[in-house]
Amino acid sequence: MKRLFKNLLIAASCSVLALSVVGCGKKEEKKEDKPAAAAPAPAGPKTIIFASDATYAPMQYTNEQKEIVGFEVDVIKAAAEKGGFKAEFKNVAWDGIFAGLAAGKYDAISSSVSITDERKATMDFSEPIMAIEQMLVVGVKEKATDLAGLKGKSIGAQIGTTSYLVIKDVKGFKAIKTYDEVGLAMEDLVKGAIQAVVADSPVAVEYTTKKHADKIKIAGVLKSDKVENIGIAVKKGNKDVLDLVNKGLAAIKADGTFDKIKAAHQMK
Amino acid sequence: MTDAKIIDVGEGAAIPSKSDWGLFNAWGISIIGAILGIISLLVFQPDPYRRLLVYLGDGIVITFEVTLLSIFCACIIGLITGLGRVSKNKAINLIASTYVEIIRGIPLLVQLFYIYYALGRLLDVHDLTAAIIAMSVCYGAYMGEVFRAGIRAIDKGQTEAARSLGLNGKQTMFLVILPQAWRTILPPVGNEFIALLKDTSLVSILAVSDLLRRGREFSSETFLYFETYTMVALVYLVITLILSKGVSIMEARLSHYVRH
């Protein structure tokens, strides 16, 4: 009898514990909806920390000096000069980069983030930096030029990207694989473990013209009825940072600096 | 000399211990807490938890598959290595010892990358195959050490008695030593099984669609990090607890033959 009582007690306390977990989940959601409190005005130029998944050549990657460089990094550095803020870059893995923003580990994400309605629900975006497209990359011998031609084969994309969203619900593939880095997906494609990769256009061009030019090629552009833009993501309601970034971006677009950076990186 | 020598050659005492009874023990509390946790999440907050569990479904199957196949292969490799490590043949002993030294010196994560991405250029291995090979090779080395310790723990008198009864070396090992060594070996091997199960989460870096990767896919798409990883952790916990119970039942069966 005593044991029965004990068991009941444990069962009860366990369910209380479980309920509190549910409660925590709810509370957190509510917190996210509230706008962040305005930060006190800083003295001198404000430092904005940008998280960047530096595995994404040519947009942002680490060079041999272990510095984060790339097209978008140059854009942000130029925008910082015009916008009156200091830009600092932090290398953060893509998978979890949005969680870190929500948790306040950095002020913004500069990592070729495509502006989508789903993402807009949980974070705010700057004005678009530029438009990109989704491209299908295949081995040089592959004849297919669209997703339909790849039925029964394996396809891959980087986890949590718009590239993955394009293929996620397409039926008929042997396997749809997600990779932590787009480079690992390309590696598997070169190896033959998968037959196609979907990636952002700048990245697809980089890999098919520079890294593995003799082994893979661009099969085609995956047409979409919506223009896909990339922008800087900030925590929902963080207007201070957003205004500074927008001011800087507008300034470099107006005075032609942006086009110069584009030309320097041979971006279309 | 039939007293069982239960010496601890693993990471610690097996949980649950045989002396725990009823619901009121570490295992019971954990499993009931975990299952109640999952159920209450599904009941009180069906969205997103139901959608999440459905999404994780095939990942759970893959995790099971990798675990069971790796355990099977690692046991065979471990037995061979263990026998090699106690072998009097110098060459065999050296090969087995070198294998253990090399594998124990390289982190599993690096081994996974190595087999899939580095050797992948030479050998065309499927992602799941690469994962199972890496897990088996790695845990085979650890289990080899457990087997060696278990075999060594059997009193020398047993060998002497068997040999004086006219059994040859092979017969002594397989008919006398190993059947007794199982009892000593099983608790630490059970710990290895559980460690292996948890380490299968590492194979998600090879883009294997296991439980963790499915969770990462779900969270990176829906941004529900708290919900996703709560569920993933609870599912891992339930699987691990079931496995540890299985090991302890096996242990209890084997200790049936021990005379106290």
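Conventions adopted
- Residues numbered from 1 in each chain as written.
- Chains lettered and ligands numbered in written order.
- Predicted model: local features only at pLDDT ≥ 70, side-chain atom pairs only at ≥ 80, totals over all residues.
- Helix = DSSP H or I, 4+ residues; strand = E, 2+ residues; numbered from the N terminus.
- Buried ≥ 20, exposed ≤ 12 C-beta atoms within 10 Å, placed from the backbone.
- Pairing = 2+ DSSP bridges.
- Domains from an automatic or database assignment.
- Contact = placed C-beta atoms within 7 Å.
- Nonpolar A, V, L, I, M, F, W, Y, C, P; charged D, E, K, R; others polar.
- Expected span 1.5 Å × (residues − 1).
- Bend = angle between axes of the 7 residues up to and from the residue.
- Core = buried A, V, L, I, M, F, W, Y, C linked by C-beta atoms within 7 Å.
- pLDDT = per-residue confidence, 0-100.
- Axes fitted to C-alpha atoms, helices over the stretch in contact; angles between N-to-C directions.
- Parallel < 35°, antiparallel > 145°, perpendicular 65-115°, else oblique.
- Left-handed = near helix turned anticlockwise from the far one by under 90°.

(A) Examining the overall build of chain A more closely. Along the backbone of chain A there are nine helices and 14 strands. Here chain A, with 268 residues, has 40% of them falling under the buried criterion.

(B) A look at the overall build of chain B. Helix and strand counts for chain B come out as nine helices and zero strands. Reading the secondary structure of chain B in the N-to-C direction produces α-α-α-α-α-α-α-α-α. Relative to its full complement of 260 residues, chain B shows a buried share of 42%.

(C) Main features of the sheet that holds strand β4 (residues 68-69) of chain A. Residues and elements named next belong to chain A. With respect to topology, three strands assemble into an open sheet ordered β2-β3-β4, the strand pairing being antiparallel. Two strands lie at the open edges of the sheet, namely β2 (55-56) and β4, each paired on one side alone. Of the pairings in the sheet, the one linking β2 to strand β3 (residues 60-62) comprises two bridges and is antiparallel in character. Bridge pairing in β3 places T55 opposite Y61.

(D) A look at the domain arrangement of chain A. Residues and elements named next belong to chain A. Domains assigned within chain A are domain 1 (46-131 + 230-264) and domain 2 (134-222). Taking the mean C-alpha position of each, domain 1 and domain 2 sit 25 Å from one another. Listed by partner, the interface residues are eleven residues for domain 1 and twelve residues for domain 2. Going through the elements one at a time, β2 and β6 (108-114) are the ones with two or more residues in the side of domain 1 that touches domain 2. Within the side of domain 1 that touches domain 2, the residues separate by chemical class into six nonpolar, four polar and one charged.

(E) Up close: helix α5 (residues 127-152) of chain B. Residue and element names in this part refer to chain B. Over its 26 residues, α5 extends 37 Å from the first C-alpha to the last, a length consistent with the 38 Å expected when each residue adds 1.5 Å. The sharpest bend along α5 comes to roughly 25°, located at G140. Of all 26 residues that make up α5, 22 are buried, and the element is covered over most of its length.

(F) View of unusual backbone geometry. Geometrically, the link from A:A57 to A:P58 is a cis peptide bond, its omega value of 5° lying close to zero. Along the chain, A:P58 turns up in the loop between β2 and β3. The step from B:D47 to B:P48 runs through a cis peptide bond, and the omega angle for that step is 10°. By the element assignment, B:P48 lies in helix α2 (residues 46-86). Phi is positive for B:A207, which is not a glycine, with a value near 65°. Backbone geometry places B:F223, a non-glycine residue, at a positive phi of 65°.

(G) Representation of the nonpolar core within the structure. Judged by nonpolar contacts, the single largest core of 131 residues is most densely connected at A:A108, A:V137, A:V197 and B:A131. Take this core: its biggest share by element is 16 residues, from α5(B). In terms of domain composition, this core takes at least three residues from each of domain 1 (46-131 + 230-264) and domain 2 (134-222) of chain A. Contacts of A:V197, omitting those with residues within four sequence positions, involve A:V137, A:G156, A:A157, A:A185, A:M186 and A:L189.

(H) Geometry of the confidence of the model for chain B. All names here are of chain B. Predicted confidence across chain B gives a mean pLDDT of 86, with 88% of residues reaching 70 or more. For chain B, the element scoring lowest by mean pLDDT is helix α8 (residues 211-222), at 87; helix α3 (residues 90-104) scores highest, at 94. Model confidence for the complex is summarised by a pTM of 0.76, with the ipTM given as 0.70.

(I) Region of interest: the pairing of strand β1 (residues 46-52) of chain A. All names here are of chain A. Inspection of the sheet shows β1 paired to strand β5 (residues 85-91) by seven bridges, in the parallel sense. When the bridges of β5 are listed, K46 appears paired with F85. When β1 meets β6, the two strands line up parallel, connected through two bridges. Its bridge partner being in β6, A51 is matched across the sheet by I109.

(J) Spotlight on the packing of helix α2 (residues 71-83) of chain A against helix α9 (residues 257-264) of chain A. All names here are of chain A. At a minimum axis distance of 10 Å, the contact between α2 and α9 shows a crossing angle of 155°. As judged from the angle between their axes, α2 and α9 are roughly antiparallel. Remark: the crossing between α2 and α9 carries right-handed chirality. For the pair α2 and α9, the contacting residues are F71, D74, V75 and A78 in the first and T257, F258 and I261 in the second.

(K) Layout of the sheet that holds strand β9 (residues 134-139) of chain A. All names here are of chain A. Spatially, β11-β10-β12-β9-β13 is the arrangement adopted by the five strands of the open sheet, whose pairing is mixed. Single-partner strands in this sheet number two, and they are β11 (175-179) and β13 (216-222). Across the sheet, the mean angle from the axis of one strand to that of its neighbour is 30°, orientation sign disregarded. The pairing of strand β10 (residues 154-158) with strand β12 (residues 196-200) spans two bridges and is classified as parallel. What sits directly across from I155, in β12, is A196. Contacting β9, β10, β11, β12 and β13, helix α6 (residues 182-191) crosses the sheet at an angle of about 160° to β10.

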